[in-house]
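Each chain, written out:
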Amino acid sequence: MAQQLAMVIDAAKCIDCKGCVAACKVANNVPEGQFRNWIKHAGLRAVPGISDRTARFQPGACMHCEIPTCVAACPTGATYKDHDTGEVVIDQALCIGCGNCIPACPYQARYRNEITRKADKCNYCPERRAAGLQPACVDTCPTKARVFGDINDPTSAAGALFLKNKERLTRVAAKTNTLPNMYYLGDPGPGDWGGEAVVPASMVAMKESAPFIKGMVALSGLGVLAMLGRQLFAGSDHKEDSDAR
Amino acid sequence: MSRRDFFRASGLVAAGAVGGPALLGGLAKARAASPAKPAWDSRFSACDMCFNKCGLIARVENGVATKLDPNPKFLKSRGMLCARGNAGLAQVYDPDRLKHPLLRKGARGEGKWQRIPWDEALDMAALKMAEVREKYTPCGHLFTAGSDLQSQFVGRFAEVYGSFNVTSHESLCLVSGSRAFLDTFGEVPFADVLNSRYIMMVGANRFEALVTPDSIDLMTAIRENGCKLVTLDPRYTKTAALSHEWYPVRPGTDMAFMLALAHVIINEKLYDPQWIADKTFGMEQLTAHVRRYTPGFAAEQCGIPAEDIARMARELAAAAPASMVYPGRRTSDYEDSTQIRRSFAIVNGLLGNWDKPGGLLAARQVGLKGVPFDAPWYDENREDRIDAGKVPMMFEHEGSFVVTRDAVLADDPYPIRGWFIYKTNPMGTAPNRRKTMEMMNKMDFVTVVDIAMSDTAWMADLVLPSPSYLERKDPCSGLQGSVACACVVKRDPVIDPLYESRPLFEIMKGIADRMELGEFFDFTIDEYREKQTRDIPEALAVMDRDGVYYNPSKVYGIYEGRIYKTLSKKVELYNQRYEQMGLDPLPNYTPPAPPPDNRFRMVIGRNAMITQSSTANNTLLHQFLPTNTLWLNTEAAGRLGIQDGDLVEVASPVGSQELRAEVTDRIRPDTVFMLSGYNTLSTMQHLSHGNGASINELLDDDFDAITGNASMHTTFVSVTRKVA
């Protein structure tokens with residue numbers, strides 16, 4: 001089975017210290033005032049006495065979805081789902097900074113990096129992983145609320161946690177369900193904030209017309225091949241051109 | 001075929017459609033290249049963004065530290081680094097950092113400085129210190145240092161210079177709590193949070209005011225070990241939000257609550273009689289004393305239902321000895337804060353949790369040794385500290401800042417005219433900032449060593465830049481934390497010192513040389529470390545390898561067969577020494593004064609991104625907390641016609657400030673709260689200068705009658721809406 005990198009988060013452990021947010025900003029040079037990850041609040045009602053225990057600080061970031069609407073919104077193919085690892089990747093060389101992907105994410109996980117002027121979001125810290133480290137937010141988390149890894153690998157911490165709790169894992173339910181690969185143990189806390197993916201009509205049209213365009217491209221390719229074949233097998237009609245030299 | 005594959009297949013068409021030839025190169029790439037392993041060096045250090053000294057690994061590329069990560073082998077911090085720890089680089093590379101020695105040119109606090117060379121700076125510091133000593137005796141010079149691995153050299157210098165006027169930050173923080181537990185158990189305990197089954201969190205906010213490992217262990221205990229957490233706080237903090245129960249206790253009534261817990265435990269005989277008989281002193285007196293402190297009485301005082309108080313007492317006792325009243329740290333709250341904390345200690349005594357899993361732990365062997373020296377004798381010196389005799393049980397090594405300040409202002413009993421300050425910022429941390437300013441103005445010469453132009457540096461005569469924790473070599477330090485560890489850490493530079501900064505040790509050495517005291521600083525940090533680790537010779541190499549050295553010492557049962565360091569040689573529920581000194585041997589509850597009409601009690605507190613006054617100017621942390629606000633209860637705000645976000649004026653008997661109101665249900669209607677560190681005077685702290693309000697400008701400077709600990713919760717303020 002291919003990998004599926006994901007986060008399995010115990011929101012009940014989060015103390016909202018912002019360690020993960022600070023670590024991410026430093027590790028990824030996230031510009032001032034911009035953030036790749038966050039902690040949301042819910043159930044924080046100051047009611048004296050015995051608590052209903054619904055207070056949650058919910059850590060989040062790009063959820064590297066199964067059905068990434070951001071990919072659908074990207075006109076250049078800069079954003080794509082890496083099927084080997086399950087990550088949603090931004091190829092910075094291809095991104096034109098059009099911003100289509102930003103409203104296309106129902107979790108507001110994307111932003112336009114003010115310095116690079118390109119799309120930006122959580123990428124699970126590939127440089128750190130290459131060095132054998134956890135993503136910065138996971139590494140730094142005081143209570144280790146964030147657990148990261150391949151959920152298809154039962155020997156990984158994330159995989160073990162994922163398998164053990166499979167029935168009680170929840171996801172943030174956005175209005176557009178993208179099947180996010182961020183799982184929360186038990187009650188994740190705030191669940192009403194996931195929005196609706198807004199993919200530009202032009203992109204939808206492009207997506208609809210894609211088979212047609214592909215067909216056209218294929219047909220034109222066939223045409224070229226036919227001409228080539230004709231040239232190879234039927235020979236040239238213009239012998240005089242070469243003879244003239 | 002995915003969209004991307006499609007574009008790749010139909011490459012030219014797509015590129016033409018979206019923008020042209022510039023993209024062709026990019027499209028030709030099969031995939032975004034998988035990143036290479038970064039070319040960083042990993043170097044160990046210990047964090048210095050607060051007092052916790054969590055273990056870290058600095059990633060350094062081409063001489064530049066690019067990321068700080070937790071050291072997974074560092075058990076005290078449980079392999080974590082908080083937001084402040086991550087923001088260490090923003091402090092190190094802060095453009096506002098002090099870069100070279102500065103000599104004051106204009107009036108004090110005017111902000112006119114002249115850059116001078118180091119030699120001239122050290123000559124001047126030595127000359128001025130010699131002048132003060134000549135004119136006012138060695139005790140005419142005050143030395144103040146914050147909590148740092150090099151701070152001990154300030155104490156050493158003061159001693160060889162001849163002054164016993166040394167103060168620290170502690171009397172603005174926790175000395176009353178330390179006193180209370182010391183006078184009950186004979187030493188100041190660590191809390192075994194991790195193994196506790198029931199924790200009463202009163203006057204502490206452990207999920208926001210991070211203390212390692214307690215903050216982290218608290219979550220593990222409640223989430224994984226089934227520990228129950230009950231929080232009493234006038235504010236609905238994050239700790240309150242994550243607790244099983246929260247009560248917005250009326251400020252200043254904690255003692256009534258504790259004495260009622262004791263009442264129930266004793267009345268219902270919920271204690272271990274064997275433990276009480278064998279290990280404690282004064283159960284009879286305590287029994288008589290708490291008779292009147294019924295849950296009903298406490299309920300009237302603290303606003304927590306009597307049946308809940310009784311239930312909590314029973315639950316605590318049922319979980320004993322693996323239950324506790326968490327000792328807390330910042331105990332600078334009331335004029336009887338030592339007695340308040342004594343009531344905490346007494347309940348722990350009744351629970352019999354001392355030296356046991358889930359209870360309060362004794363200090364362990366770390367293995368480090370002191371480096372003694374013989375200080376010279378000065379015949380002309382004074383008999384005692386300037387703050388001596390004003391309160392009965394001060395900690396000699398910490399002093400009392402507020403008492404010292406009053407004594408300096410009054411020249412009573414003798415004048416102090418010189419002040420040397422390292423890595424602490426009384427202008428930004430002590431209550432009644434105007435008095436600190438007056439104290440500054442009284443001085444002939446003030447020298448401040450710091451990495452940034454704090455408000456204290458701003459008021460100084462000579463400001464000397466020191467390197468940050470990532471740029472210097474520090475002595476070894478022993479750390480303990482709960483059951484986590486008894487360990488030793490050191491700091492080696494992970495990057496070269498920036499600018500002209502010089503470590504405190506070299507500054508002290510330089511001044512000492514010029515004052516013919518050089519023999520007392522005639523060593524290197526390496527030699528000093530070797531002396532410190534003489535009993536654990538392997539420690540230095542182990543620290544090079546792991547970033548930390550652990551001493552495998554006993555955790556529980558340290559007191560088996562050992563006597564307690566108290567007069568009765570037992571846990572003193574009833575304190576005999578207090579009795580001899582004419583102090584209350586058992587804590588007597590005095591109800592706090594209610595806020596006068598239209599006034600609020602101001603309380604202080606922490607946030608996980610705040611270290612007193614040293615983080616408000618941090619560019620990274622500033623993004624989380626751009627300013628401070630006044631927490632004001634919704635009902636009270638409605639009465640005053642104040643809306644969320646309105647600019648308000650907060651006025652106290654000592655000063656007034658303006659800031660935005662945060663109208664919230666998360667605070668009692670009779671109480672207001674704001675964070676510290678904002679609205680600095682120093683314009684060289686560009687994010688905190690003129691931003692928000694200074695709490696020090698508002699707080700009155702009352703103090704605890706036993707230790708001289710500042711009492712930060714005794715100020716009443718008025719709040720009025722400012723017409724924009």
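Remember, predicted model here, so these are calculated numbers, not experimental data.

For the rest of this paragraph, the subject is the nonpolar core. Residue and element names in this part refer to chain B. In terms of nonpolar packing, the biggest core is built from 148 residues, with Met-200 and Phe-257 touching the most fellow members. Considering each element in turn, this core owes the most residues, 11 residues, to helix H11 (residues 254-267). Residues in contact with Phe-257, not counting those within four places in the same chain, are Met-200, Leu-232, Ala-298, Cys-302, Ile-304, Ile-309 and Met-312. The next biggest cluster of nonpolar side chains, apart from the first, holds 50 residues, and it includes Ile-421, Ile-695, Leu-699 and Ala-710.

What follows covers the packing of aromatic side chains. Residue and element names in this part refer to chain B. One pass over the full model with this rule turns up 29 aromatic pairs over all chains. An angle of 15° between the planes, with centres 6.2 Å apart, marks the rings of Phe-181 and Phe-185 as stacked. Linking Phe-181 with Phe-185, this pair stays in helix H8 (residues 175-185), spanning four residues, or about one helical turn. Taken as a pair, Phe-181 and Phe-185 share a single burial class, namely buried. A network of ring pairs unites the aromatic residues Phe-143, Phe-153, Phe-157, Tyr-161, Phe-420, Phe-505, Phe-521, Phe-523 and Tyr-528 as a single cluster. Taking the ring centre of Tyr-578 as reference, the NZ or CZ of Arg-342 above it sits at 5.8 Å.

Glancing now at the confidence of the model for chain B. Residue and element names in this part refer to chain B. The share of residues in chain B with pLDDT of 70 or more is 95%, and the mean pLDDT across the chain is 94. Confidence over residues 3-30 falls short of pLDDT 50; this stretch has 45 contacts with residues more than four positions distant or in other chains. Per the prediction output, this complex has pTM 0.92; the corresponding ipTM is 0.92.

Residue and element names in this part refer to chain B. Cis peptide bonds are those with omega within 30 degrees of zero, and the linkage from Ala-320 to Pro-321 qualifies with 5°. At the junction of Asp-412 and Pro-413, the peptide bond is cis and its omega measures out at 5° in the coordinates. Checked against the element boundaries, Pro-413 lands in the loop between helix H17 (401-410) and strand E15 (418-422). Of note in the backbone geometry, Ser-482 takes a positive phi value of approximately 45° without being a glycine. Positionally, Ser-482 belongs in the loop between strand E18 (474-481) and strand E19 (485-491).

This next bit is on the sheet that holds strand E4 (residues 102-104) of chain B. All names here are of chain B. Judged by pairing direction, the sheet is mixed, and its seven strands sit side by side in the order E5-E4-E17-E16-E15-E6-E7 without closing on themselves. In this open sheet, the two edge strands, each paired with only one partner strand, are strand E5 (113-115) and strand E7 (166-168). For this sheet the average axis-to-axis angle between neighbouring strands, irrespective of direction, equals 20°. Here five bridges tie E15 to strand E16 (residues 445-450), and the two strands are oriented parallel to one another. Counterpart to Phe-420 in the pairing with E16 is Thr-447. Of the strands in this sheet, strand E6 (141-145), E7 and E15 touch helix H7 (residues 152-161), which is tilted by about 165° from E6. Contacts from helix H21 (residues 504-514) reach E15, E16 and strand E17 (462-465), with the element oriented near 155° to E15.

What follows covers the domain arrangement of chain A. All names here are of chain A. In terms of domain boundaries, chain A breaks down into domain 1 (5-185) and domain 2 (200-245). The partner domain 2 presents four residues to the five residues of domain 1 that form the contact. Summing both sides of the interface, domain 1 and domain 2 together bury roughly 340 Å²; the carbon and sulfur share of this comes to 70%. On the domain 1 side of the contact with domain 2, Ala-72, Pro-75 and Asn-100 bury the most area, a combined 82% of that side's loss. Where domain 1 touches domain 2, the interface holds zero salt bridges. Taken together, the links from domain 1 to domain 2 amount to zero residue pairs in polar contact (both at pLDDT 80 or more).

Scoring rules and cut-offs
- Residues numbered from 1 in each chain as written.
- Chains lettered and ligands numbered in written order.
- Predicted model: local features only at pLDDT ≥ 70, side-chain atom pairs only at ≥ 80, totals over all residues.
- Heavy atoms only, no water.
- Core = buried A, V, L, I, M, F, W, Y, C linked by side-chain atoms within 4.5 Å.
- Buried < 20%, exposed > 50% of the residue type's maximum accessible area, 1.4 Å probe, protein only.
- Helix = DSSP H or I, 4+ residues; strand = E, 2+ residues; numbered from the N terminus.
- Contact = heavy atoms within 4.5 Å.
- Phe/Tyr/Trp six-rings, centres within 6.5 Å; stacked < 30°, edge-to-face > 60°.
- Lys NZ or Arg CZ within 6 Å of the ring centre and 35° of its normal.
- pLDDT = per-residue confidence, 0-100.
- Pairing = 2+ DSSP bridges.
- Axes fitted to C-alpha atoms, helices over the stretch in contact; angles between N-to-C directions.
- Domains from an automatic or database assignment.
- Buried area = accessible area lost by both parts, 1.4 Å probe.
- Salt bridge = Lys/Arg side-chain N within 4 Å of Asp/Glu carboxyl O.
- Polar contact = N/O pair within 3.5 Å; in protein donor to acceptor, adjacent residues only side chain to side chain.

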